[in-house]
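Chain and residue survey
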Amino acid sequence: MNLSLRTFCRIIGLAMLVIGLSMFPSLIVAVIYKETVSFLAFLGTILFAAVCGFFLLWFGQPSTQHLKVRDGFLIVTVCWIVSALLGAAPFMLSGSIPDFFVAFFESCSGFSTTGATALSDVEILPKSILFWRSFTHWIGGMGILIFAIALMPSLGINGQNIAVSEAPGPTLDKITPKMSDTAKALYTTYFVFTIVETILLCLGGVSLYDSLLHTFGSVGTGGFSDYNNSVAHFDSVYAEMVITFFMILSGANFNLYYMSLKDGISSIFRDAEFRFYLFIIGASTILIAANLFFSGFYSSVGQSLRYSVFQTSTIITTTGFATDNFDLWPTFSKMILILLMFVGGCASSTGGGIKVVRILVLLKLIRRGIATRLHPNAIVTVKINGKNIPSDTVSAIANHMFLYIAVVFISTILLSLNNFDMITTFTSVLTCIGNIGPGLELVGPAANFSIYSGPGLFLLSILMLAGRLELFTLFILLTPRFWNPNH
């Protein structure tokens, strides 16, 4: 490892300051609702983050050191773990969630935009705690360090390889010449989505507080709600339509929105991944709606479509909101939802899962395999948007798929020590590593993860972070080769 300790400390300090600063809105909410205990919990955490953050910045030194990709792996992983620990502090200090494993689980679920909860009744929590719990979605959605990267040039740090290590997809394309400008452009889009959705929900009769929390959950594709029955609490077709629209927008590649300003809105629909993404949503919605209607689960086509499109959108974007208990749906509909849990959102989106572009490349690989068997001498390339996909990228996608499947099955075996049924155990792992939220059976949309022991919750917490960091970022740190200074 050639990473300078001072540079490392400087970046960790910056991340701590970002998290501390992000708690100020929750502090204000505590003042508004006169929640003294929560106010002191946030104030204590902010002061701790500020003292530690400024000390690490002081200890670190401005440097022109060009960080390597392997440096990015370590920095990103440590930053996310530190952020999750800091995020859990207000839960514990306020007494709202006194158990460490549960508090850490909620914090990891928030920052990783998973939305799974180990709380049986969220409505009894203080308003400021619920606000922070949902706000962690908004922070984690675009990435803690993507925000920090915008500030790094002033600290003498090159952020490109940090962004690569945190990027939710096979690659992270710079849409502007400088990585810091790219970060600013992405966050500008993120801010616009947040403001517009909040206004639209308020216009539909949703309170400002509820609008903000559900906007954080849908734009960040997280899924935390301040109600036990999630979005179903509003019983509003309008609110569901607004949330569905922004979940779909946030599950797409954010780079497309920036590029559309130069090339026009139509350029978004020329993107192969985006078209495939919309196709999956459309086909799944129609299949589930037909199954729900013809099985007699809902009495009308309109109802079937209403619940189908919302749950399809919330699962493929890995948001995790619910308007109905889909665990009671027919088996065919639940199987489609499980498949969508594997797929996830697009690359460079706030969504989790395997990512649509990887599924698209693998389907093209299968088609190439069939073509080369029919015509052994033919040269068939894998193309996306008319461009050949480099062999190393194809190999990386295949490696990611194999690792994803391996981690799911190994983790399912480990979690089975809690001795719950197979569907509960399997979907618990799948929904956490895919950053989705609810699973099926005992962890379905009408239930929660409180059934698991402390070690079980800790395993699921690590899976949420691993899934958010695209697996390799975290697991590569466990290899001896990473720590060997000669490599």
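Residues numbered from 1 in each chain as written. Predicted model: local features only at pLDDT ≥ 70, side-chain atom pairs only at ≥ 80, totals over all residues. Heavy atoms only, no water.

Focus: the overall build of the chain
Along its length, the chain carries 22 helices and two strands. The buried share of the chain, reckoned over its 487 residues, is 59%. Across the chain, every contact between residues at least 6 apart in sequence was considered, and the portion connecting residues at least 24 apart equals 72%. Counting only carbon and sulfur atoms, one obtains 70% of the accessible surface of the chain, whose full area is about 19800 Å². (Helix = DSSP H or I, 4+ residues; strand = E, 2+ residues; numbered from the N terminus. Buried < 20%, exposed > 50% of the residue type's maximum accessible area, 1.4 Å probe, protein only. Contact = heavy atoms within 4.5 Å. Areas by Shrake-Rupley, 256 points an atom, 1.4 Å probe, with all protein chains shown as cover.)

Regarding the side chain of S349
Mapped onto the fold, S349 is located in the loop between α16 (331–343) and α17 (356–374). Only 3.5 Å separates the side chain of S349 from the backbone oxygen of G251, close enough to count as a polar contact. There is a polar contact of 3.1 Å between the side chain of S349 and the backbone nitrogen of G351. (Polar contact = N/O pair within 3.5 Å; in protein donor to acceptor, adjacent residues only side chain to side chain.)

Concerning the packing of aromatic side chains
The description of two aromatic rings rests on the distance between their centres and on the angle between their planes. With the rule as written, the count across this model stands at 37 aromatic pairs. Between W138 and F191, the aromatic rings sit 5.2 Å apart at their centres with planes inclined by 65°, giving edge-to-face as the arrangement. You can see W138 sitting in helix α6 (residues 127–142) and its partner F191 sitting in helix α9 (residues 179–203), a full 53 residues away along the chain. Its relative accessible area of 10% is what places W138 among the buried residues. Assessed through its relative accessible area of 42%, F191 is described here as partly exposed. Between F254 and Y257, the ring centres sit 5.7 Å apart and the planes meet at 80°, which makes this aromatic pair edge-to-face. Taken as a pair, F254 and Y257 lie in helix α12 (residues 254–263) at a separation of three residues, close to a single helical turn. Residue classification places F254 among the buried residues on the basis of a relative accessible area of 0%. The exposure class of Y257 is buried, given its relative accessible area of 11%. (Phe/Tyr/Trp six-rings, centres within 6.5 Å; stacked < 30°, edge-to-face > 60°.)

Points about unusual backbone geometry
The phi angle at K34 is positive, at roughly 55°, despite the residue not being glycine. Mapped onto the elements of the fold, K34 is located in the loop between α2 (24–32) and α3 (36–59). Positive phi outside glycine occurs at E441, with the angle close to 60°. Examined against the element boundaries, E441 turns out to sit in the loop between α19 (422–433) and α20 (454–468).

Notes on helix α1 (residues 5–22)
Counted at 1.5 Å a residue, the expected span for α1 with its 18 residues is 26 Å, and the 26 Å between its end C-alpha atoms agrees. Taking burial as the measure, the 18 residues of α1 include 15 buried ones, the bulk of the element. (Expected span 1.5 Å × (residues − 1).)

A closer look at the confidence of the model for the chain
The predicted model of the chain averages 88 in pLDDT, with 89% of residues at 70 or higher. Here residues 151–167 scores under 50 on pLDDT; set against residues more than four positions off or in separate chains, the count is 58 contacts. (pLDDT = per-residue confidence, 0-100.)

Description of the nonpolar core
For soluble globular proteins, nonpolar side chains are generally found buried alongside one another. Ranked by size, the top nonpolar core spans 128 residues in total, and within it F105, W132, Y277, W329, F449 and L460 carry the most contacts. The element that contributes the greatest number of residues to this core is helix α4 (residues 69–93), accounting for 10 residues. Residues in contact with W329, not counting those within four places in the same chain, are I288, L292, F297, Y298, Y307, S308, Q311, D324, K334 and L337. (Core = buried A, V, L, I, M, F, W, Y, C linked by side-chain atoms within 4.5 Å.)

Quick notes on α19
Taking 1.5 Å as the rise per residue, α19 with 12 residues should run 16 Å; its terminal C-alpha atoms sit 17 Å apart, in good agreement. Of all 12 residues making up α19, 10 are buried, and the element is well covered by its neighbours. If you check which residues of α19 are buried, you get T424, T425, F426, T427, S428, V429, L430, T431, C432 and I433. Here the buried face of α19 lies against α16, α18 (391–415) and α20. The distance from a side-chain oxygen at the start of α19 to the backbone nitrogen of I423 is 3.2 Å, and the residue carrying that oxygen is D421. Looking one or two places after α19, you find N435, whose phi comes out positive at around 55°.

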